[in-house]
2 protein chains.
Amino acid sequence: MMSEGTVRPGGRTARVREAVLRAAGDLLAERGFAGLDLAEVAQRAEVGKTTVYRRWGSATGLVADLLVEMADSSVSRTETGSLLGDLRTNAHLVRRTLVDERQGALFKAVIAAATCDARTAAALHAFYATRVGEWAPCVTAAIERGEAPVGTDPHEVIRAVSAPLYYRLLASGDPLDEASAERAAAAAEAATRAGAFVR
Amino acid sequence: MMSEGTVRPGGRTARVREAVLRAAGDLLAERGFAGLDLAEVAQRAEVGKTTVYRRWGSATGLVADLLVEMADSSVSRTETGSLLGDLRTNAHLVRRTLVDERQGALFKAVIAAATCDARTAAALHAFYATRVGEWAPCVTAAIERGEAPVGTDPHEVIRAVSAPLYYRLLASGDPLDEASAERAAAAAEAATRAGAFVR
């Protein structure tokens, strides 16, 4: 047994949050936003109902905190040494997330909720701002290496990699196969080189 | 008064459908898919409730038929004589649709419904297949003019124009300004020229 002293301050609070957000994510993936019942989240997380209501207040509050946690814990960018290599890594990461059964359902549920709830939309936008910001330095480095024109907007390049994959998931329904990720990266890289993302 | 002979066969049926789909679209835009009540659609359309239930069956059935009507009645492609010109026209058309108060809300509602209903998803995918198919000949013509490499997938090019605009609408929340449409067209054209959409 760990002695009291080895438990970090906030350790219990952090464990409660982890359990609650895990249960909330599971429920969202299984049943969508409409099925995100706080009492059931508390039960699955083995946490008191009062704690959940007091700390998160509503399903919307839970989703907002879940998005903060997802942004904090998602995979860091990798550096392959070339713009195309970095964008390919990013494209395959996004694709894997969207085709993952739990994660894909979770994203669909949150995006659907955001279409009719302003607070969820704000949390979703903040999530993408964080994710895009995490990968944007790949483009800055490419500009420094002379692989992309000076004045290229790094955020636009990263968004351009994700966009065709989300379009398939949410709109056209075309398969999210490996080739779609390769094409998303190749198209964004070619457009970048041609100066399409110069501000 | 028109004589009986001047009324086209199916004229009344067509008018009922038009009124019902107009009312359904209004309700979807105002309240989302969850607010699409068939009795209220009938009332707004000034059509008998029984007619609506018998002909469309459910909210899902209404949305599916609305998408068929939207695909049939949406703007035809224009031919400007250059690939970039055609893709710009397409990008601005998609942007105007998504920023239009009623149309934008309608698309969000239908896309949200499609995330949790397979039949609505199938209708949505068919809608985009029709729209993308309508514009794909612009790319075929560009290949013939030598503006795009032989083997370019026309559908992928058209999807690439829409994708960044839908990504802004549904995911990142970045502004859908005129510049975003210009950039979507320019990026798709540059990627096409570079061969990123060659099968």
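Note that this is a predicted model, so its numbers are computed, not measured.

Parameters at a glance
Think of each chain on its own: its residues are numbered from 1, step by step along the sequence as written. Both sets of labels track the order of writing: A upward for chains, 1 upward for ligands. With the structure being a predicted model, the display of local features is reserved for residues of pLDDT at least 70 and the display and counting of side-chain atom pairs for 80 or more, all residues being used for whole-chain, interface and lining totals. Side-chain metrics rest on all non-hydrogen atoms present in the structure, leaving aside hydrogens and water. UniProt positions are given in the numbering used here, feature names are shortened, and annotations may be inferred rather than shown by experiment. The secondary structure listing takes helices from DSSP runs of H or I that are at least 4 residues long and strands from runs of E that are at least 2 residues long, numbered from the N terminus. Contacts are assigned to residue pairs with any non-hydrogen atoms lying within 4.5 Å of each other. Accessible surface is computed with a 1.4 Å probe, and the buried area is the amount of it that two parts give up when combined, taken over both parts together. Whenever Lys or Arg places a side-chain nitrogen within 4 Å of a carboxyl oxygen from Asp or Glu, that contact is recorded as a salt bridge. Whenever a nitrogen or oxygen atom comes within 3.5 Å of another N or O atom, the pair is scored as a polar contact, on the condition that within protein one atom can donate a hydrogen and the other can accept it, and that pairs from neighbouring residues in sequence are kept only if both atoms are in side chains. Source of the domain bounds: an automatic or database domain assignment.

### Points about the UniProt feature "DNA-binding region" (unreviewed entry) in chain A
In this structure's numbering, the residues bearing the UniProt feature "DNA-binding region" (unreviewed entry) are residues 37-56 of chain A. Between the end C-alpha atoms of residues 37-56 of chain A the distance is 12 Å, and the span holds 80% helix and 0% strand.

### Describing the interface of chain B and chain A
Each side of the interface is counted separately: chain B has 29 residues, and chain A has 29 residues. Regarding the contact of chain B and chain A, the summed buried area is about 2,600 Å², with carbon and sulfur atoms giving 68% of it. For the pair chain B and chain A, the interface holds 6 salt bridges. Note that Arg168 of chain B and Glu156 of chain A form a salt bridge whose closest N and O atoms lie 3.2 Å from each other. Where chain B packs against chain A, one counts 6 residue pairs in polar contact (both at pLDDT 80 or more). At the level of elements, α6 (101-114), α7 (118-145), α8 (154-172) and α9 (178-193) of chain B are the ones that each hand at least two residues to the side of chain B that touches chain A. Per-element accounting of the side of chain B that touches chain A gives the leading share, 11 residues, to α8 of chain B.

### Some points on the domain arrangement of chain A
Residues and elements named next belong to chain A. Its domain assignment divides chain A into domain 1 (12-71) and domain 2 (75-194). One C-alpha centre belongs to domain 1, the other to domain 2, and the line joining them spans 27 Å. For the pair domain 1 and domain 2, the summed buried area comes to about 1,300 Å², and 74% of that belongs to carbon and sulfur atoms. Viewed at the interface, domain 2 and domain 1 are joined by 1 salt bridge. Put simply, Arg102 and Asp26 hold a salt bridge, and the shortest N to O gap is 2.6 Å. Counting the contacts that link domain 1 with domain 2 gives 2 residue pairs in polar contact (both at pLDDT 80 or more). Elements that contribute at least two residues to the side of domain 1 that touches domain 2 include exactly α1 (11-31) and α4 (59-73).

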